[in-house]
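# A closer look at the structure
Single-letter residue listing:
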Amino acid sequence: MWPIEDPCEQLRWRIPCRPPATENVSVLVVGDRIAVVLPPGETLVFTADEADGLATLLDKAVGFAASGGPDR
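For the structure given in this document, a descriptive report is provided here. Predicted, not measured: the structure shown is a model, and the values here were computed from it.

### Section: the pattern of salt bridges
Considering all chains together, one arrives at one salt bridge under this definition. For Asp32, the salt bridge identified is with Arg33, shortest N-O distance 3.6 Å.

Written as structure tokens, this is what we have:
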């Protein structure tokens, strides 16, 4: 993940998606909201608390996937 277009404030990032590796998810901080732009252009807008909850859920999902799921 790397900031783009605003390197001083780091308010926007592009995160590569896999598959396909040619597309990106954009994450923007817009005032007191966090916007996530998914390919092909769907946009999700979160409050700071909602974004924090999503980050926690994604961390748990990564840990779950890395452990091989419930059978392991």
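### Here we look at the pairing of strand β3 (residues 24-30)
In the sheet, β3 pairs with strand β4 (residues 33-38) via five bridges, with the strands oriented antiparallel. Opposite Val27, over in β4, you have Val36 as the bridge partner. Two successive antiparallel strands, β3 and β4, enclose a turn made up of two residues, where Gly31 displays a positive phi of approximately 65 degrees.

### Things to note about the pairing of β4
Note that β4 and strand β5 (residues 42-47) share six bridges and pair antiparallel. Bridge assignment links Ile34 to a residue of β5, and that residue is Phe46. Joining the antiparallel neighbours β4 and β5 is a turn of three residues, in which Gly41 adopts a positive phi near 125 degrees.

What counts, and where the lines are drawn
- Residues numbered from 1 in each chain as written.
- Predicted model: local features only at pLDDT ≥ 70, side-chain atom pairs only at ≥ 80, totals over all residues.
- Heavy atoms only, no water.
- Salt bridge = Lys/Arg side-chain N within 4 Å of Asp/Glu carboxyl O.
- Pairing = 2+ DSSP bridges.
- Helix = DSSP H or I, 4+ residues; strand = E, 2+ residues; numbered from the N terminus.

Honestly, it's all geometry; don't read function into it.
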